[in-house]
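Given next are the chains, with one letter for each unit.
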Amino acid sequence: MVNMRLLSGQFFGEVRFSLDSVPPKKYNDGASNIKTDEYSMEEGAWGNFSRGAVLALQKKGYKLSQGITGFLEGSAGFEGCGVSSSAAVGVAFLLALESANGLKVTAEDNIELDRLFLSCLDSGLTIDLKCVILQNGLWLDFKMTLKLIKIRLIENEYLGLKNGILDQSAILLSQRHSLTAIHCERRMYELVQPPWYGKNEGDYKILLAFSGLQHALSSKPGYNLRVAECQEAATVLLRAVGRGDCEPLLCNVSVDEYEAHKDLLEGELAKRALHFFSENARVFAGIDAWSQGNLPEFGRLISQSGLSSIHNYECGCEPLVQLRDILAQAPGVYGARFSGAGFRGCCVALVATDLAGEAEKYVRAKYLNAQPDLAKRLTTATFVCDSADHAHVV
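Predicted, not measured: the structure shown is a model, and the values here were computed from it. (Residues numbered from 1 in each chain as written. Predicted model: local features only at pLDDT ≥ 70, side-chain atom pairs only at ≥ 80, totals over all residues. Heavy atoms only, no water.)

Student: Pulling in residues and values, what's your account of the sheet that holds strand S10 (residues 205-210)?
Tutor: The sheet built from four strands is open, its strands ordered S11-S12-S10-S13 with antiparallel pairing. Edge positions in the open sheet fall to strand S11 (333-338) and strand S13 (382-385), since each of these has one partner strand only. Averaged over all neighbouring strand pairs, the angle between strand axes comes to 20°, with direction disregarded. By the bridge criterion, five bridges tie S11 to strand S12 (residues 346-351) in an arrangement that is antiparallel. In the sheet register, alanine 336 faces S12, and the bridge partner there is alanine 349. Strand contacts of helix H9 (residues 295-311): S11 and S12, with the helix running at about 25° to S11, the strand carrying the most contacts. On top of the sheet, helix H10 (residues 318-329) reaches S10, S11 and S12; it is set at about 170° to S11, its chief contact. (Pairing = 2+ DSSP bridges. Helix = DSSP H or I, 4+ residues; strand = E, 2+ residues; numbered from the N terminus. Axes fitted to C-alpha atoms, helices over the stretch in contact; angles between N-to-C directions. Contact = heavy atoms within 4.5 Å.)

What follows is the structure in structure tokens.
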């Protein structure tokens, strides 16, 4: 019996499978480890997200008797732009399945469920900005949020993505006009509201600019090396303070300990530690600025974060660095940075409401001059949006 039947606005074919017999993941090159009829109509591997969501819920002991007949759609022109699309799709399927089956699952549990399923997939599916699913007459609407947090079971175990909880948490916990500040290790969060909360919209919009790079472009070592370098820096500092047996994480080193012993670090290790501790300081300063409604200061901190990512964490590639610099100089922009690691995808900026349109025109013209080949390929180069409440069934 077929319980799941799905169509996509961006991928051809149909995803079909039974809840009692979920197929293994399909690979994005069109091949799969097992050839079955379930894959015969499916372009690429976009069905992995629905399969992963079912398996994640079942693995955690949830009983699923009702499937979904649905349609999945993303914003045209932003395919592959790198704005948490994997997490958004994972959340959509989890919420749809939970609603269809009358399951009561907390946002915190869904964050972990999504992380589990996306880590096993590694499918490269790219559906961005807005994800809508119709199931049993219910619409789930996911819009761009102002976010600081990540759906992990889907991502880590079924998709093969070794990510954290940032994207999922932003999608499931955020509130319009609020910063979602989290302590990842303790799994604690708070919503930070500005003075205008509940009174007006505030003088800001979120401006996304797409580089046209859908695949990583970098001659530098990857993200995993950055993690290893931070661990090595932590080892040096922890040994200096007599706690060499502690787990080698920079969060286990206090600011005072770092200041007292940072001269022991050299080269890349010094840069990585500087980024970590300065970024933590910017987070707390940003919380203060947002709570006071100080958009210029909040924007300045965004730009400082972006520059530290480039110079101290050494992320990014030439097109993304150029795009970030253009965004930072655009009319009305408070601050700009990469939306991710800067090897592909988008940059993001906070911009004054009345100058958002002028900033868009400026960015499109300047980026066309800087990267004509990439810019000419874009159907959607910029996108102005608002913050929004967390994902929910409506």
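Student: Which residues make up the pairing of strand S9 (residues 188-192), and what are the values?
Tutor: Of the strand pairs in this sheet, strand S8 (residues 179-183) and S9 are connected by five bridges, and their pairing is antiparallel. In the strand pairing of S9, threonine 180 is matched with leucine 191. Here S8 folds back onto S9, and the loop between the two strands holds four residues, one of which, arginine 187, carries a positive phi near 55°.

Student: Explain the nonpolar core residue by residue, including any values.
Tutor: Formed by 27 residues in total, the largest nonpolar core has its most connected members in Leu327, Val363 and Tyr367. When residues of this core are traced back to their parent elements, those giving at least two are S10, H10, S11, S12, helix H11 (356-370) and helix H12 (372-376). Those residues in contact with tyrosine 367 that sit more than four places away from it in its chain are Phe210, Ser211, Pro319, Leu323, Ile326, Pro372, Leu374, Ala375 and Leu378. With 23 residues, the next largest nonpolar core counts Val15, Trp46, Ala53 and Val89 among its residues. (Core = buried A, V, L, I, M, F, W, Y, C linked by side-chain atoms within 4.5 Å. Buried < 20%, exposed > 50% of the residue type's maximum accessible area, 1.4 Å probe, protein only.)

Student: Describe in detail unusual backbone geometry, supporting the description with residues and values.
Tutor: The backbone phi angle of histidine 177 is positive, close to 65°, even though this residue is not glycine. Inspection of the secondary structure assignment puts histidine 177 in the loop between helix H5 (166-173) and S8. Since its relative accessible area comes to 7%, histidine 177 is described here as buried. Within the chain, glutamate 314 stands out as a residue other than glycine whose phi angle is a positive 55°. You can see glutamate 314 is positioned in the loop between H9 and H10. You can call glutamate 314 partly exposed: its relative accessible area is 21%.

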